[in-house]
Amino acid sequence: MQQAIAVLDSGVGGLTVVKEVMRQLPREKILYLGDTARTPYGPRPAEEVVRFTREIVDYLQQYHPKMIVIACNTATAVALQDIRSRVDIPVVGVINPGARAAIGRTKTGVIGVIGTEGTIKSGAYETALRMLSPRLEVVSRACPDFVPLVEDGNFRSAETHRVVTESLASIKQGAMDCLILGCTHYPFLSETISEVMGPEVSLISSAEETAREISTILHENNVLAGRDEVPVHQFFCSGEPRKFQEIASAWLGEQIRLTPVVWRVPQLGG
Ligand code: DGL
């Protein structure tokens, strides 16, 4: 049986990474888990996000994936190192790829970052960006209202436009020419975000660069899918399946095979 790339997120956000992995690596099988029962992760304490991420990884490990992709910035910020120390397969996050993509694009050296409260509080993007280029100016804002809109499938309404306009008002800045969508849910709102930020600001999603990193690692480890593979992807979600199925199928342009997951241990505060 073909070994899969296991991808996780708090909900539908990681599908923005999955879509790009499918485009760049069409023979690779994807296992995706969206923890929709416990979304959003952004406002939760770091220890709780680490615990949830461990739980998802343990669940996905029963399928013996060849790699794990933490397609959630909030979980990458607080749990990447922890997960790497617990498993013996490569683990990829989305923050370094997003930072690399922005550095490759900015001309003014002023980069905006928007993400969940957890990601922005962690300072993980500033750290990643400054490691690559110490003299950058980085302007960050948490946008806690975006994830619920995306999980509702509310991508282009007047309400979405209002929320995005209000949330981004304080980050619109003279010299900023790149805005990192530092939450994998945000590319679902990219048309609205782009309208609000204006044509001078490029929106940077980590999806493309993350898919490139996945490709490089699979190649280096000599575990790329064979030429004749026709992958059958598998999706899991822990919450109400109908909305997830609808958003995922529309976004990926294909009907998905979805299996509900019920967490065995009741979650405190979850
Ligand atoms: N999509 C996730 C991220 O990239 C999580 C959003 C959330 O659950 O708050 O941060």
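Residues numbered from 1 in each chain as written. Predicted model: local features only at pLDDT ≥ 70, side-chain atom pairs only at ≥ 80, totals over all residues. Heavy atoms only, no water.

An unreviewed UniProt entry lists the chain under the name Glutamate racemase, from Cohnella candidum. According to its UniProt record, the chain has this under Pathway (unreviewed entry): "Cell wall biogenesis; peptidoglycan biosynthesis." Quoted verbatim from the Catalytic activity (unreviewed entry) field of the UniProt record, the comment on the chain reads "L-glutamate = D-glutamate". (UniProt positions renumbered as here; feature names shortened; annotations may be inferred.)

**A short note on the site of the ligand**
In the vicinity of the ligand lie 14 residues, with Ser-10, Tyr-41, Asn-73, Thr-74 and His-185 positioned nearest. In the environment of the ligand, a nitrogen atom lies 2.9 Å from a nitrogen or oxygen atom belonging to the side chain of Asp-9. At 2.7 Å, a side-chain N or O of His-185 approaches a nitrogen atom of the ligand. Coverage of the ligand by the protein chains reaches 99% of its 300 Å² of free accessible surface. (Near = heavy atom within 4 Å. Polar contact = N/O pair within 3.5 Å; in protein donor to acceptor, adjacent residues only side chain to side chain. Areas by Shrake-Rupley, 256 points an atom, 1.4 Å probe, with all protein chains shown as cover.)

**Points about the UniProt feature "binding site: substrate" (unreviewed entry) in the chain**
Per the UniProt record, "binding site: substrate" (unreviewed entry) is annotated on Asp-9, Ser-10, Tyr-41, Gly-42, Asn-73, Thr-74, Thr-184 and His-185. In summary, the annotated positions, though distributed over 177 residues, converge in three dimensions, the widest C-alpha pair being only 11.9 Å. Its location among the elements puts Asp-9 in strand 1 (residues 5-9). For Asp-9, a relative accessible area of 1% gives the class buried. Not counting residues within four places of it along the chain, the set of residues in contact with Asp-9 comprises Gly-14, Tyr-32, Leu-33, Gly-34, Asp-35, Ile-56, Ala-71, Cys-72, Thr-184 and His-185. Only 3.1 Å separates the side chain of Asp-9 from the backbone nitrogen of Gly-11, close enough to count as a polar contact. Among the polar contacts listed, one links the side chain of Tyr-41 to the side chain of Asp-35, at a separation of 2.5 Å. (Helix = DSSP H or I, 4+ residues; strand = E, 2+ residues; numbered from the N terminus. Buried < 20%, exposed > 50% of the residue type's maximum accessible area, 1.4 Å probe, protein only. Contact = heavy atoms within 4.5 Å.)

**Comments concerning the pattern of salt bridges**
Oppositely charged side chains may form a pair once their charged atoms are brought near each other. Enumeration according to the criterion identifies 16 salt bridges in this entry. Where Arg-38 meets Asp-35, a salt bridge forms, and the shortest distance between an N and an O atom there is 2.8 Å. Each of the two residues, Arg-38 as well as Asp-35, counts as buried. We note a salt bridge from Arg-54 to Asp-82, for which the minimum N-O separation is 2.7 Å. (Salt bridge = Lys/Arg side-chain N within 4 Å of Asp/Glu carboxyl O.)

**A short note on the UniProt feature "active site" (unreviewed entry) in the chain**
Within the UniProt annotation, "active site" (unreviewed entry) is assigned to Cys-72 and Cys-183. Taken together, the annotated residues stretch across 112 residues yet fold into one region, lying no more than 6.6 Å apart by C-alpha. Its place among the elements puts Cys-72 in the loop between strand 3 (67-70) and helix 3 (73-86). For Cys-72, a relative accessible area of 3% gives the class buried. Those residues in contact with Cys-72 that lie beyond four places of it in its chain are Leu-8, Asp-9, Tyr-41, Val-94 and Thr-184. Within the secondary structure, Cys-183 is located in the loop between strand 7 (178-181) and helix 9 (190-197). Apart from residues no more than four positions distant in its own chain, Cys-183 is found in contact with Asn-73, Ile-114, Gly-115, Thr-116 and Val-147.

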